[in-house]
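# Observations on chain architecture
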Amino acid sequence: MKILVYIQRDGDSIGRNSIEALAGAQKFAAELSGEVMAVCLDSSLTEKLTGYNISEVITVSHDGLNTYSPLHFTAAMEQVIADVSANVVVFGHTYQVRDWAPRLSARLNAPFISDCVDADGSTGLTGIRQVYQGKINTNISAEGLVLMSFQSGAFRADSVETGSAAARTMDVDLSSVPATIRPGERFKESKGGVDLTRAEVVVSVGRGIGKEENIPLVKDLKESLGAELGSSRPVVDYGWLPHERQIGSSGQVVTPKMYLAVGISGAIQHQVGMKGSDNIVAINKDPNAPIFEIADYGVVADLFEILPKLSQSIKDYKS
Amino acid sequence: MKICVLMKQVPDKDAALKINATGLGIDTSDLTFVTNESDSYALEEALLLKEAHGGEVVVCTLGADSSLQVVKDALSKGADRGLFLRDDAFDNLDILSLSKVFAAALKDENLDLIFSGLQSDDVGNGQLGLLIAEHLNTSHASLVMETEMVGDSVIKAKRELESGWFQWTELDFPASLTIQSGINTPRYASLRGIMMMKKKTIDTKSAEDLGLNLTPQTSTTKMYIPEKTKETVYVDGTTDEIVSKLVDIFANDIKVL
Ligand SMILES: Cc1cc2nc3c(=O)[nH]c(=O)nc-3n(C[C@H](O)[C@H](O)[C@H](O)COP(=O)(O)OP(=O)(O)OC[C@H]3O[C@@H](n4cnc5c(N)ncnc54)[C@H](O)[C@@H]3O)c2cc1C
Ligand SMILES: Nc1ncnc2c1ncn2[C@@H]1O[C@H](COP(=O)(O)O)[C@@H](O)[C@H]1O
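Quantities reported herein were computed from a predicted structural model and do not represent experimental measurements.

## Concerning the site of ligand 1
Residue and element names in this part refer to chain A. In the vicinity of ligand 1 lie 34 residues, with Arg207, Ser232, Ser250, Ser265 and Gln269 positioned nearest. A distance of 2.7 Å separates an oxygen atom of ligand 1 from a polar side-chain atom of Asn284. Starting from 990 Å² of accessible surface for ligand 1 in isolation, the protein chains cover 94%. If you list the elements that add at least two residues to the shell around ligand 1, you get helix 4 (95-98), helix 7 (233-237), helix 8 (268-271) and helix 9 (303-318). Taken together, the residues that form the shell around ligand 1 break down as ten nonpolar, 16 polar and eight charged. Looking at which domains feed residues into the shell around ligand 1, each of domain 1 (2-171) and domain 2 (196-318) supplies at least three.

Below, the structure written as structure tokens:
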């Protein structure tokens, strides 16, 4: 069983999700008595990679791969997978991987078990995925060549085994890749005025607030606490709050002393923006909401009953 | 310009979910269903492009009989034609196999653009639009936050990347775009739209119509409510009790008051 891990570069280093995926691959390789290999479409990381417990590090360098391009990456990986006769290809579930691994799956006719939170190699290879917005887990198995990606945090980066790996470079032929997709430069939008990253207390509101007219309820609460206001994505998508308030993978990452989540389910893309908070308090009417998986304090109740009284009691306490 | 929008019916996010008797799926008997969130944004983007540049919008869904509602809602908002992929044989197919069903249904439609949501809110593969792009040999872009036509056969798409980064990418037609929520403000159906909907065509296709005989390429071996690993302190009681306990926690345990 050959397990090939795709290594994505992040600046000058190996992307954190790739290290986590490597740690995961090492774990289930042991269960499957498999062998772990790594491939990087960039030569600058080879030395860093040979310090891990991997049987072989494959480096592909080609002008067509210097900046990310989905069709070039797909074509290069297709050739690497054929060369090493991989059985399983493992990825970190990054935005880049989301943009090309499905294409590779269709090209190879190999199922892609995406965004897994764990894998089990004890009886063949099984990917464990979250479905229904993190409320339910499901185990998925497949035979033959399989692609698998792991959600950020699925495995611990510090559990990766070190060692010394052999390295080799591989040539790929990208001459027949069409130029139908032409990616431009990456850029950042000029940032809005609010920096939530320094806030000591963040009160954050989600879709559970129901409608725009109810937003003042949360504003009262954040006033009483002297907190900053944050939100989940849908609240911004609906135009109830400006984008600068969004917390999560496509918003800000905050680590306050207290994060109070009101009517937020706790989807992974939200969690990555706030799970580093010192204390997480969640108010949600659904006891199975994934936010309770990371909450230090939980209130299972209707926010409309709690919020008005809570804001008032805090004001009373303070005066 | 001919655009197909893929739209899926999913359980309402606030629905309480139960595992069914097989242990491999959820109990759908008491659920309310809605259109997948990002798919509504995909439809709106297609309708805006059609209004600006002319053309036709076809809406396509695959699912149980109830999901015909998704097609009807889209037709009421202004889509021109519906395509309903319906067969019990599709029920247990994995996303790679399903992508072959869509590819077979769409290959002779001469589409310029295929729009889908970036991810379904139930199974959340985040794959279908790209799988179809590969089968039909189109260009693609994922996580699209803005679109702009360049001439009549090139579209520019602004993609969302991690940590506040973006990127414009230029795509030759035909192209498959997966749309991120928040790209626009989806419209409501007008009364007139709902009347017009009744006159529009919805074609239904089965596996046999499409000449397909697919077997699943993955198998679901278990479905379960995950066990909680975190020790959460639950604050309970009457509303007044909860409120006074919370104030005490804020003041004395977390020390933010
Ligand atoms: C690529 C990608 C990037 C994304 N980026 C982000 C991001 O940066 N930030 C982000 O937040 N999301 C992001 N998302 C979206 C994310 O997946 C979720 O859809 C989103 O976080 C859900 O927001 P929510 O919790 O407010 O809404 P829902 O998931 O709908 O949750 C609402 C919650 O409110 C509760 N509720 C309802 N009524 C009440 C009441 N009366 N009292 C108490 N509780 C109530 C419900 O039980 C439910 O748990 C992204 C998704 C993708 C695919
Ligand atoms: N059964 C379906 N019918 C119509 N569209 C679908 C279906 N499944 C997925 N899609 C589309 O593909 C997108 C991504 O789905 P998924 O790959 O399952 O996350 C969704 O947002 C829809 O636009």
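More follows now that the structure is in view.
## What to know about the nonpolar core
Counting residues in hydrophobic clusters, the biggest one holds 61 residues, and the most contacted among them are Met77(A), Phe91(A), Phe115(B) and Leu177(B). Per-element accounting of this core gives the leading share, eight residues, to helix 3 (residues 70-84) of chain A. Apart from residues lying up to four places away in sequence, Phe91(A) is in contact with Tyr6(A), Ala21(A), Met77(A), Val97(A), Trp100(A), Ala101(A), Leu104(A), Phe112(A), Leu147(A), Met148(A), Ser149(A) and Phe150(A). Among the nonpolar cores identified, the runner-up in size contains 36 residues, and Ala25(A), Val36(A), Ala38(A) and Val160(A) belong to it.

## As for the packing of aromatic side chains
Geometrically, a pair of aromatic rings is defined through the distance of the ring centres and the angle of the planes. Residues and elements named next belong to chain A. For the coordinates displayed, the defined rule picks out eleven aromatic pairs over all chains. Between Tyr6 and Trp100, the aromatic rings sit 5.1 Å apart at their centres with planes inclined by 80°, giving edge-to-face as the arrangement. A residue pair is termed long-range when its members are at least 10 positions apart, and Tyr6 in strand 1 (residues 2-7) and Trp100 in the loop between helix 4 and helix 5 (101-108) qualify at 94 residues. Look at Phe73 and Trp100: their rings are 5.9 Å apart centre to centre, the planes differ by 80°, and that puts the pair in the edge-to-face class. In this pair, Phe73 is assigned in helix 3 and Trp100 in the loop between helix 4 and helix 5, connecting sequence segments 27 residues apart. Of the two residues, Phe73 and Trp100, both sit in the buried class. Pairwise contacts between aromatic rings join Tyr6, Tyr68, Phe73, Phe91, Trp100 and Phe112 into one cluster.

## What to know about helix 1 (residues 16-32) of chain A
Over its 17 residues, helix 1 of chain A extends 24 Å from the first C-alpha to the last, a length consistent with the 24 Å expected when each residue adds 1.5 Å. A large share of helix 1 of chain A lies buried, amounting to 13 of its 17 residues.

## Some remarks on the pattern of salt bridges
For side chains bearing opposite charge, pairing can occur when the charged atoms are close. The final tally for this structure, using the stated rule, is 37 salt bridges over all chains. We note a salt bridge from Arg159(B) to Asp99(A), for which the minimum N-O separation is 3.7 Å. Note that Arg159(B) is positioned in strand 8 (residues 154-160) and Asp99(A) in the loop between helix 4 and helix 5, a pairing that runs across two chains. Exposure class is identical for Arg159(B) and Asp99(A). Each is buried. As a salt-bridge pair, Lys135(A) and Asp286(A) come within 4.0 Å of each other at their nearest N and O atoms. Of this pair, Lys135(A) sits in the loop between strand 8 (126-131) and strand 9 (136-141) while Asp286(A) is found in the loop between strand 16 (279-284) and strand 17 (297-300), placing the two residues 151 residues apart along the sequence. A cluster of three or more residues bridged by salt bridges with shared partners is formed by Lys2(B), Glu56(B), Arg81(B), Glu109(B) and Asp203(B).

## Side note on the environment of Glu37(B)
With respect to the helices and strands, the residue Glu37(B) is situated in helix 1 (residues 37-53). A C-alpha to C-alpha distance of 9.4 Å links Glu37(B) and Gln180(B), two positions 143 residues apart in sequence. When near neighbours in sequence (up to four residues on either side) are disregarded, Glu37(B) contacts Arg207(A), Tyr238(A), Lys13(B), Asp121(B) and Ser181(B). A polar contact is formed between the side chain of Glu37(B) and the side chain of Tyr238(A), at a distance of 3.0 Å.

## Remarks on the state of the cysteines
Evaluated as defined, the whole model comprises zero disulfides over all chains. Free of any disulfide, Cys4(B) has its nearest cysteine sulfur in Cys60(B), 5.0 Å distant.

## Describing the site of ligand 2
All names here are of chain B. Surveying the vicinity of ligand 2 reveals 20 residues, the closest of which are Leu6, Asp39, Leu62, Ser120 and Gly126. Asp39 places a polar side-chain atom, nitrogen or oxygen, 2.5 Å from an oxygen atom of ligand 2. The protein chains hide 98% of the 480 Å² of surface that ligand 2 would expose on its own. Sorting elements by how many residues they give to the shell around ligand 2 places strand 4 (residues 56-62) first, with three residues.

## Focus: the sheet that holds strand 5 (residues 56-60) of chain A
Taken in spatial order, the ten strands of this open sheet run 11(A)-5(A)-4(A)-1(A)-6(A)-10(A)-7(A)-8(A)-9(A)-12(B), and their pairing is mixed. Two strands lie at the open edges of the sheet, namely strand 11 (166-170) of chain A together with strand 12 (219-224) of chain B, each paired on one side alone. Strand-to-strand, the axes of this sheet are offset by a mean angle of 35°, without reference to chain direction. As paired elements, strand 4 (residues 35-40) of chain A and strand 5 of chain A share four bridges and run parallel to each other. Considered in strand 5 of chain A, the bridge of Met37(A) is made with Glu56(A). Its contacts with the sheet put helix 1 of chain A on strand 1, strand 4, strand 6 (88-92), strand 7 (112-120) and strand 10 (146-150) of chain A, and the angle it makes with strand 1 of chain A is roughly 175°.

## Re the environment of Val36(A)
All names here are of chain A. Take Val36: it is sitting in strand 4. Considered as a pair, Val36 and Asp195 are 159 residues apart in the sequence and their alpha carbons are 42 Å apart. Here Val36 is in contact with Ile3, Val5, Leu22, Ala25, Gln26, Ala29, Ile54, Ser55 and Glu56, once residues within four sequence places are set aside.

Rules used in this analysis
- Residues numbered from 1 in each chain as written.
- Chains lettered and ligands numbered in written order.
- Predicted model: local features only at pLDDT ≥ 70, side-chain atom pairs only at ≥ 80, totals over all residues.
- Heavy atoms only, no water.
- Near = heavy atom within 4 Å.
- Polar contact = N/O pair within 3.5 Å; in protein donor to acceptor, adjacent residues only side chain to side chain.
- Areas by Shrake-Rupley, 256 points an atom, 1.4 Å probe, with all protein chains shown as cover.
- Helix = DSSP H or I, 4+ residues; strand = E, 2+ residues; numbered from the N terminus.
- Nonpolar A, V, L, I, M, F, W, Y, C, P; charged D, E, K, R; others polar.
- Domains from an automatic or database assignment.
- Core = buried A, V, L, I, M, F, W, Y, C linked by side-chain atoms within 4.5 Å.
- Buried < 20%, exposed > 50% of the residue type's maximum accessible area, 1.4 Å probe, protein only.
- Contact = heavy atoms within 4.5 Å.
- Phe/Tyr/Trp six-rings, centres within 6.5 Å; stacked < 30°, edge-to-face > 60°.
- Expected span 1.5 Å × (residues − 1).
- Salt bridge = Lys/Arg side-chain N within 4 Å of Asp/Glu carboxyl O.
- Disulfide = S-S within 2.5 Å.
- Pairing = 2+ DSSP bridges.
- Axes fitted to C-alpha atoms, helices over the stretch in contact; angles between N-to-C directions.

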